[in-house]
Amino acid sequence: MGFTDHRLGTRAWGPHLPDASIEFGPFGRLDGRRHTSFVDPVALSVATLGGEAVQPDSALLSRRRRGIVIRLGPRSYLYRRIGFAREMLEREDRTPVASLGGVLGSNKMAETVDAVDVALALVMFYAVPVTVMS
């Protein structure tokens, strides 16, 4: 895990992990748009799959549906906050992929994940803090 030059993007890589990146980092976005918002789509990629992460307008009004929708090639995910400080990545059908336990919970990864799911979860957990999804 790490950041790109000038900390404007986040990357994940490894011997058993496909390269993954999102154009969002602790010091801004590669496209220069507002850093704390996913209202404007953010580009991301995992292996040969390209896509974007965006927070839909309808999610801003509903705390229950609030999250970041990720479209990655033919796959769709929802990255959202659950509880006080827990983050979760789910597939389009709401089956869990991975979750961070927050302050008192445990971190979990579903048994059905593949390498793309793992790489995407790592880059999202590392790049996008819970406060961005508030």
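The following refers to the structure shown.

About the criteria used
- Residues numbered from 1 in each chain as written.
- Predicted model: local features only at pLDDT ≥ 70, side-chain atom pairs only at ≥ 80, totals over all residues.
- Heavy atoms only, no water.
- Pairing = 2+ DSSP bridges.
- Helix = DSSP H or I, 4+ residues; strand = E, 2+ residues; numbered from the N terminus.
- Contact = heavy atoms within 4.5 Å.
- Axes fitted to C-alpha atoms, helices over the stretch in contact; angles between N-to-C directions.
- Phe/Tyr/Trp six-rings, centres within 6.5 Å; stacked < 30°, edge-to-face > 60°.
- Buried < 20%, exposed > 50% of the residue type's maximum accessible area, 1.4 Å probe, protein only.
- Expected span 1.5 Å × (residues − 1).
- Salt bridge = Lys/Arg side-chain N within 4 Å of Asp/Glu carboxyl O.
- Polar contact = N/O pair within 3.5 Å; in protein donor to acceptor, adjacent residues only side chain to side chain.
- Core = buried A, V, L, I, M, F, W, Y, C linked by side-chain atoms within 4.5 Å.

A word on the sheet that holds strand S3 (residues 17–22)
Next up, step 1: Read from one edge of the open sheet, 10 strands run S1-S2-S3-S6-S7-S8-S9-S10-S11-S12, paired in antiparallel fashion. On the outer flanks of this sheet lie strand S1 (2–3) and strand S12 (108–109), each paired with one strand and no other.
Next up, step 2: With 2 bridges connecting them, strand S11 (residues 96–100) and S12 associate as antiparallel partners. By the bridge assignment, Ala98 is partnered in S12 with Met109.
Next up, step 3: Where helix H2 (residues 115–127) meets the sheet, it contacts S1, strand S2 (10–14), S3, strand S6 (42–46), strand S7 (49–54), strand S8 (68–72), strand S9 (75–82), strand S10 (86–91), S11 and S12, and its direction lies at approximately 35° from that of S3.

Regarding the packing of aromatic side chains
Next up, step 1: Following the criterion strictly, the structure yields 2 aromatic pairs and no others.
Next up, step 2: Where Phe24 meets Phe38, the ring centres are 4.8 Å apart and the plane angle is 40°; that geometry is what we call tilted. Here Phe24, found in strand S4 (residues 24–25), pairs with Phe38, found in the loop between strand S5 (28–29) and S6; they are 14 residues apart in sequence, far enough to count as distant. Phe38 shares its class with Phe24; the two are buried.
Next up, step 3: Judged by centre distance (5.8 Å) and plane angle (45°), the rings of Tyr79 and Phe125 are tilted. Here Tyr79 is found in strand S9, whereas its partner Phe125 is found in helix H2, with 46 residues between them in sequence.

Here we look at H2
Next up, step 1: A rise of 1.5 Å per residue sets the reference length of H2, with its 13 residues, at 18 Å; its end C-alpha atoms lie 18 Å apart and thus fit the reference within 8%.
Next up, step 2: By the burial criterion, the buried members of H2 are Val116, Asp117, Ala119, Leu120, Ala121, Val123, Met124, Phe125 and Ala127.

Points about the pattern of salt bridges
Pairing between side chains of opposite charge can happen when their charged atoms approach one another.
Next up, step 1: Inspection of every chain in the model, using the stated rule, returns 5 salt bridges.
Next up, step 2: The closest approach of N and O atoms between Glu90 and Arg80, which form a salt bridge, is 2.9 Å. Here Glu90, found in strand S10, pairs with Arg80, found in strand S9; they are 10 residues apart in sequence, far enough to count as distant.
Next up, step 3: Judged by its relative accessible area of 3%, Glu90 falls in the buried class.
Next up, step 4: Residues joined in a network through salt bridges with shared partners are Arg75, Arg91, Asp114 and Asp117.

Digging into the environment of Phe3
Next up, step 1: Note on placement: Phe3 falls in strand S1.
Next up, step 2: What makes Phe3 partly exposed here is its relative accessible area of 29%.
Next up, step 3: Counting along the chain gives 23 residues from Phe3 to Pro26, while the straight-line C-alpha distance between them is 8.5 Å.
Next up, step 4: Beyond its immediate chain neighbours, meaning those up to four positions away, Phe3 contacts Gly9, Thr10, Pro26 and Tyr126.

Some thoughts on the environment of Leu78
Next up, step 1: Along the chain, Leu78 falls in strand S9.
Next up, step 2: For the pair Leu78 and Gly67, spaced 11 residues apart in sequence, the C-alpha separation works out to 6.4 Å.

As for the side chain of Thr10
Next up, step 1: Among the structural elements, Thr10 can be located in strand S2.
Next up, step 2: By relative accessible area, which is 0% here, Thr10 ends up buried.
Next up, step 3: A distance of 2.7 Å separates a polar atom in the side chain of Thr10 from the backbone oxygen of Phe24.

What about the nonpolar core?
A general tendency of soluble globular proteins is for nonpolar side chains to be buried together.
Next up, step 1: Counting residues in each nonpolar core, the largest one holds 27 residues, and the members touching the most others are Ile22, Ile70 and Leu120.
Next up, step 2: No other element matches the 8 residues that H2 contributes to this core.
Next up, step 3: Leaving out residues up to four positions away in the same chain, Leu120 has contacts with Leu44, Val46, Ile70, Leu72, Tyr77 and Leu89.

Treat this as a map of the structure, not an account of what it does.
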